[in-house]
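# A structural walkthrough
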Amino acid sequence: MTSESRAVSPTDGPVAVTGASGYIGSWIVKDFAEMGYTVRACVRDLNKPDKVDHLSTLNQANLRGSVEICEGDIWEAGSYDEAFNECSAVIHAGAAVGYNRETPQEVYDGCFTENNHVLDSALKSNSMKRFVFTSSFAAVGHPRPEGYVFTERDWCGDNVEGYRGRWTDEMIPKNRDIAYAMAKAASEKMLYERAEKDGTWDAMAILPLHVIGPLMCKNHDQGWSWQNCIRYMLMGKPYKKSYGGRMLWNNVDVRDVARAHRLCAESSVARNGSRYILSAKDRSGELFTWQLQERLSELFPNIESVGGEEMNNGKPAEKTYDSPRSYCLLAIEELGLNPYDIDETLLETGNSYYRLGLL
């Protein structure tokens, strides 16, 4: 069987999405349903309206496809068996990312160790052609000089000496960021090896960077997420996720991230081991915090003061380290992705917060 014959379409059967209630997962569900797929949206608990109601209402939106909400838990072996049955593709967007007070070890296990539960259920279906994994740019980035442009050929374990001894297995229980990056990279390599060995399905990955864009429900306003940081800046508060608020934001729209997952499953070009960074489409999407602050002020003139980084007489108080630079060029070239303009992404991010009553 060739990789081309493994490209999926709505006629091949349902598509399952794990982490379906999450920010990225919800948009993946909507994108597939818009294109005519029957989507099995897998959530941990069906009895939490704040996490599932926005998915249920998609069936009232006159989409070409439909959404079935199913239960599944990455921590429980076999819990996805029923949801994955007869599915042509599994989109694994579920993970423990550390926003819910998980320990670094729990983050690593939720992003790597427990992925075997998901894959085992997928293989039981005997119908899966594509397994698309939501990885992260964290699986790519590693210490490099300012201005270095990262591509899909980079791995977070490269240039180990640049980590000054911190890139070791012993750091997993101690450092959330290292645990997360190592887990995502290890998951990718495990999936590619399993698929190569089996020979009947392809594994591929989407690697998002700073994901922003419209929220579908209040639950998507997760503390310390990039979209949540935008919200607080629009409330006039300083950006606090990095020292002094100084950071190079390399932005991608959540809807582009979602669309890339579907295009990956449908692609006749992508094959086992294909990985796609989802980041800025060009330099316009790369903004230092003070530039992002200026752009938000222009897009939301009704806001008296937009927060951001430390400033001194209208200029940045200090220089920002120029990294990470990276572009979603491979997704544009191979998947045919047509990314949103940065201004539209920023405008829709803020407007969604207004619609949800959070601004």
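I will try to describe carefully the structure that is included in this document. Computed from a predicted structure; not experimentally measured.

This next bit is on the overall build of the protein. Looking only at helices and strands, the protein has 11 helices and 14 strands in total. In summary, the protein has a C-alpha radius of gyration of 20 Å against a globular reference of 21 Å for 359 residues, a match within 12%. Reported as C-alpha extents along the three principal axes, the dimensions of the protein are approximately 65 × 50 × 40 Å. Considering the protein as a whole, with its 359 residues, one finds that 55% of them fall into the buried category. The long-range share in the protein, meaning contacts at least 24 apart out of those at least 6 apart in sequence, stands at 77%. Accessible surface, the protein as shown: approximately 15600 Å² in total, 46% of it carbon and sulfur. Within the protein, one finds 39 positive and 51 negative side-chain charges whose respective centroids are separated by 3 Å.

How two aromatic rings sit relative to each other is given by the distance of their centres and the angle of their planes. Counting across every chain of the model gives 10 aromatic pairs. Arranged with centres 5.1 Å apart and planes meeting at 55°, the rings of Tyr 239 and Trp 249 form a pair that is tilted. With Tyr 239 in the loop between helix H7 (226-234) and strand S9 (248-253) and Trp 249 in strand S9, this residue pair connects regions lying 10 residues apart in the sequence. Each member of the pair, Tyr 239 as well as Trp 249, carries the same accessibility label: buried.

What follows is about the state of the cysteines. In protein chemistry, a disulfide is the covalent bond that joins the sulfur atoms of two cysteines. In total, this model carries 0 disulfides according to the counting rule given. Left unpaired, Cys 70 is separated from the closest cysteine sulfur, that of Cys 42, by 5.2 Å. Among the cysteines around Cys 87, which has no disulfide bond, Cys 42 carries the closest sulfur, lying 7.5 Å off.

This part takes up the packing of helix H5 (residues 115-124) against helix H6 (residues 176-198). Axis separation between H5 and H6 bottoms out at 11 Å; the angle between their running directions is 25°. Classified by the angle their axes make, H5 and H6 are roughly parallel. As H5 runs across H6, the sense of the crossing is right-handed. Of the residues in H6, those in contact with Asn 115, Asn 116, Leu 119, Asp 120 and Leu 123 of H5 are Ser 187, Met 190, Leu 191 and Arg 194. Of the residues belonging to the contact of H5 with H6, the class tally is 4 nonpolar, 3 polar and 2 charged.

Taken together, the side chains of Tyr 232, Met 235, Tyr 354 and Leu 359 make up a nonpolar region of the molecular surface, amounting to roughly 310 Å² of accessible area. By secondary structure assignment, the location of Tyr 232 is in helix H7. You can call Tyr 232 partly exposed: its relative accessible area is 31%.

A few words on helix H11 (residues 342-355). Over its 14 residues, H11 runs 20 Å from end to end, which matches the ideal 20 Å to within 8%, given 1.5 Å per residue. Among all positions of H11, only Ile 342, Thr 345, Leu 346, Thr 349, Gly 350, Ser 352 and Tyr 353 are buried. One side of H11 carries all its buried residues, which in axial view fall inside an arc of 155°. Packing partners of the buried residues in H11 comprise strand S8 (210-212), H7, S9, helix H8 (254-266), strand S11 (286-288) and helix H9 (289-299).

One open sheet holds the 3 strands; their spatial order is S8-S9-S11, and the pairing between them is mixed. Only two strands of the sheet have a single neighbouring strand rather than two, namely S8 and S11. The average angle at which neighbouring strand axes cross in this sheet is 45°, direction not considered. In this structure, S9 lies alongside S11, joined through 3 bridges in antiparallel fashion. Among the inter-strand pairings, Leu 248 is bridged to a residue of S11, identified as Phe 288.

Calculation notes
Per-chain numbering applies: the sequence of each chain, read as written, is numbered from 1 onward. The model is predicted, so local features are restricted to residues of pLDDT at least 70 and side-chain atom pairs to those at 80 or more, both for listing and for counting; the totals for chains, interfaces and linings are taken over all residues. In computing side-chain values, all of the structure's heavy atoms are included and hydrogens and water are not. A run of H or I in DSSP becomes a helix once it reaches four residues, and a run of E becomes a strand once it reaches two; helices and strands are each numbered from the N terminus. When we talk radius of gyration, it's over C-alpha atoms, and the globule rule is simply 2.2 Å times the number of residues to the 0.38. Only protein chains enter the accessibility calculation, which uses a 1.4 Å probe; a residue is then buried when its area is under 20% of its type maximum, exposed when over 50%, and partly exposed in between. Only heavy atoms matter for contacts: two residues are in contact if any of them lie within 4.5 Å across the pair. Residue-level accessible areas treat just the shown protein chains as cover; the underlying method is Shrake-Rupley with a 1.4 Å probe. We treat Lys and Arg as the positive residues and Asp and Glu as the negative residues; His and chain ends play no part in the count. To locate a charge, take atom NZ for lysine, CZ for arginine, CG for aspartate or CD for glutamate. The criterion for an aromatic pair is that two Phe, Tyr or Trp rings (for Trp, the six-membered ring) have centres within 6.5 Å, with stacked assigned to planes under 30 degrees apart, edge-to-face to planes over 60 apart and tilted to the rest. Our working definition of a disulfide is a cysteine sulfur pair at a distance within 2.5 Å. Axes here refer to lines fitted to C-alpha atoms; in helices the fit is confined to the stretch in contact. Angles between the N-to-C directions go from 0 to 180 degrees. Convention used here: angles under 35 degrees read as roughly parallel, angles over 145 as roughly antiparallel, angles from 65 to 115 as roughly perpendicular, and any remaining angle as oblique. Handedness of each helix crossing follows the sense of rotation of the near helix against the far helix: counterclockwise by less than a right angle gives left-handed, clockwise gives right-handed. Under the grouping applied here, Gly and all other residues not named as nonpolar or charged are polar, the nonpolar ones being Ala, Val, Leu, Ile, Met, Phe, Trp, Tyr, Cys and Pro and the charged ones Asp, Glu, Lys and Arg. Each patch groups residues whose relative accessible area exceeds 30% and which form no salt bridge, using 9 Å between like charges and 5 Å between nonpolar side chains of Val, Leu, Ile, Met, Phe, Trp and Tyr. Think of a salt bridge as a Lys or Arg side-chain nitrogen and an Asp or Glu carboxyl oxygen that are within 4 Å of each other. Expected span of a helix: the number of residues minus one, times 1.5 Å. The arc under discussion is defined with respect to the helix axis, by the directions toward the C-beta atoms. The pairing criterion for strands is at least two bridges between them, as found by DSSP.

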